There are 2 protein chains.
Amino acid sequence: MSASLLVTGSIGIDTVRTPFGVSEDCLGGSSIYFSMAASFFGPVRFVGVVGADCPFDLNKVFAGRDVDLAGLEIRPDSKTFRWAGTYAQNMDDRTTDSIELNVLAEAPPTVPVAFADSKFVFLANTMPKLQHELLAQIRRPTFVAADTMRCWIQDHLGDLKSLFKKIDCLIINEDEAKQLAEEQNLIKAGQIILDMGLSVVVIKKGESGSLMCGADGEKFLLPAYPATEVIDPTGAGDSFAGGFMGYLAQAGKTDFATLKKAIAYGTVTASFTITDFSLNGLSATSRAEIDRRLQNLRKLTSF
Amino acid sequence: MSASLLVTGSIGIDTVRTPFGVSEDCLGGSSIYFSMAASFFGPVRFVGVVGADCPFDLNKVFAGRDVDLAGLEIRPDSKTFRWAGTYAQNMDDRTTDSIELNVLAEAPPTVPVAFADSKFVFLANTMPKLQHELLAQIRRPTFVAADTMRCWIQDHLGDLKSLFKKIDCLIINEDEAKQLAEEQNLIKAGQIILDMGLSVVVIKKGESGSLMCGADGEKFLLPAYPATEVIDPTGAGDSFAGGFMGYLAQAGKTDFATLKKAIAYGTVTASFTITDFSLNGLSATSRAEIDRRLQNLRKLTSF
């Protein structure tokens, strides 16, 4: 039975340089990619904040999609988060050219009262203290997943570990997992992170796919969807999380078989994001296309 | 219907240093790992050459296994191939400390007349000219696979490309595939290499698993078997090839469904090799253990 899904995360003005071109001042941010990805599976409750300078009309961006923007806050005296980055020739190594936290360095947005009964929740990457504050505004969620990054693991480990005791699932990159677990072997790292109080750990390995570890020792390994045209990998991780959480909320359950299928949906959803700059690749697809790639991924990986 | 399988490759005296210890003057070489791996699936015809200094009795090494050593040549005035290498902390980066080609720099061994009717053939990594000479001694093989390495791609590309027109399958590492195809995208690289005249290309990605491309556009992606204890990765690639070719020869066919299952067998067979130094991990297992891991790998990757 389908359940409500809420996301909190960034909205950004991105400038992305790849070997294929430059996309200046385009729409980005974790909550944007997540919401677009999750919207193929069911309604999304959006919580995020921008400054008065934000040039994007999110009502238009999400037109025709069931994304409830009641949690979008526009702060008149603040500036929108900005990020600029450059991808290397291998499309894997990324350098951050500049970052302006702006409104993200202020108080987090308020979760609307109408969203407080959300059952599936994704806390996109931000300072762990803010993730705690955002989560505290949700009454009794069924399944909460969070993302994080190197600097929080390094400097805010206490807040992060206390967050793990309140949530169900962590979705992180390979390097972050190794750093957090202080362990180079990824299978062992997954187990060490699980033991921090989680019931599911999802480790994203970029073009090498993903690994999921469950609390009862279950494991799942899935290659990335084979891509011959990678134009801009920005947002792939958040699109993966959006497909994953979107499918779980649609299914309304989180047994390991459902979690496996959700990983597969996350994988194929992200495969559309990387085919173009900003949201262009993802917004041009359909649930039917996503399902076709899911069937193909099954064929590509089964023996 | 089961078919004959022949391997030609090196026999080495290896010294391996890993973060877990040192194994001095142990038995190694591509044909050794390949034969041990393939012997779990059916008989193996062995072709290789050592010098008079070889301290290993291969009859003892392969005792109780159906490995026909009629193609083992001991050259009284030659010295055995020696290799020494060190693995980095991540167990992935490897430095060659020293290499003495010795007998491998001489004429290749002769394929015994009784082996000339072999149907499945694996030409392990050596100078492409020697691979041509070895292959010329097999009358009418059904399926020939070869391995190669960076220096041959760089300096003997003509010989290599003419070899591809005579064989069916190339099994190489990710870096070698990118170098050979002059293409960073691995899916595209696989297609470019196929177009050099092959019908199957297998690209090994170490702990990220493998990719197989077939001539009719078929593809197969498989993660590596999840390993928590990696003691020595030496021989993993040749064990993979041994499991792959061993299963194909046992099955006696090479349609894509059989090739996929062969990749899975190669993957799990190699997973035993890396658990200990030299042949210790591989020789301690059984076909029943290999089959158990195959079932587990299917469970770990299906959704």
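Anything mentioned here points back to the structure above.
Summary of the structure given here.

Conventions used here
- Sequence order as written defines the numbering, with residues in each chain counted from 1.
- Each chain takes a letter, starting from A, and each ligand takes a number, starting from 1, following the order in which they are written.
- Side-chain atom pairs in this predicted model are given and counted only at pLDDT of 80 or more, local residue features only at pLDDT of at least 70, and totals for whole chains, interfaces and linings cover all residues.
- Excluded from the side-chain calculation are hydrogens and water; included are all heavy atoms of the structure.
- The pairing criterion for strands is at least two bridges between them, as found by DSSP.
- What counts as a helix is a DSSP run of H or I of at least four residues, what counts as a strand is a run of E of at least two, and both are numbered from the N terminus.
- Interaxial angle, 0 to 180 degrees, is taken between N-to-C directions of lines fitted to C-alpha atoms, where a helix line uses only the stretch in contact.
- Any Phe, Tyr or Trp ring, taking Trp's six-membered ring, that has another such ring centre within 6.5 Å forms a pair; planes under 30 degrees apart are called stacked, those over 60 apart edge-to-face, and the others tilted.
- To sort residues, take the accessible area from a 1.4 Å probe on protein chains only and compare it with the maximum for the residue type: under 20% means buried, over 50% means exposed, and anything in between is partly exposed.
- Ring-over charges, as used throughout, are those where CZ of Arg or NZ of Lys falls within 6 Å of the ring centre and within 35 degrees of the ring normal.
- By definition in these notes, contact holds between two residues if any of their heavy atoms fall within 4.5 Å.

1. What to know about the sheet that holds strand E2 (residues 12-18) of chain B
All names here are of chain B. The strand order E3-E2-E6-E7 describes an open sheet built from four strands, whose pairing is mixed. The strands lining the two open edges of the sheet, one partner per strand, are strand E3 (21-28) and strand E7 (94-100). Going across the sheet, the axis of each strand differs from the next one's by a mean of 15°, ignoring polarity.

2. What about the packing of aromatic side chains?
One pass over the structure, following the stated rule, counts 12 aromatic pairs over all chains. Judged by centre distance (4.7 Å) and plane angle (5°), the ring pair of Phe34(B) and Phe122(B) falls under stacked. Of this pair, Phe34(B) sits in helix H1 (residues 30-38) while Phe122(B) sits in strand E8 (residues 120-123), and the two are 88 residues apart along the sequence. Residue class for Phe34(B) comes out buried when judged on its relative accessible area of 0%. Ring geometry for Tyr247(B) against Tyr265(B): centres 4.8 Å apart, planes inclined by 25°, an arrangement best described as stacked. In this pair, Tyr247(B) sits in helix H8 (residues 236-251) while Tyr265(B) sits in helix H9 (residues 256-273), placing the two residues 18 residues apart along the sequence. As far as burial versus exposure is concerned, Tyr247(B) and Tyr265(B) are alike and both buried. An aromatic cluster is built from Phe41(A), Tyr247(A) and Tyr265(A), whose rings are joined through pairwise contacts. One cation-aromatic arrangement involves Arg293(B) over Phe272(B); the distance from NZ or CZ to the ring centre is 3.9 Å.

3. Some details on the sheet that holds strand E9 (residues 143-146) of chain B
Residues and elements named next belong to chain B. Here nine strands make up an open sheet; going across it, the order is E5-E4-E1-E8-E9-E10-E11-E12-E13 and the pairing mixed. This sheet does not close on itself; its edge strands, each paired only once, are strand E5 (67-75) and strand E13 (219-222). For this sheet, the mean angle separating the axes of adjacent strands, direction not counted, is 15°. As judged from the four bridges shared by strand E1 (residues 5-8) and E8, these two strands associate in the parallel manner. For Thr8, the partnering residue across the bridge sits in E8 and is Leu123. Contacts from H9 reach E9, strand E11 (200-204), strand E12 (210-214) and E13, with the element oriented near 160° to E12.

4. Describing the pairing of strand E2 (residues 12-18) of chain A
Residues and elements named next belong to chain A. In terms of burial, E2 is a largely internal element, six of the seven residues being buried. Here E2 pairs with strand E3 (residues 21-28) via six bridges, running antiparallel. Residue pairing for E3: Arg17 is matched across the bridge by Val22. Between E2 and E3, which follow one another and run antiparallel, lie two residues. Examined bridge by bridge, E2 and strand E6 (residues 81-87) share six bridges and lie parallel to one another. Across the sheet, the residue bridging to Ile13 is Arg82, located in E6.

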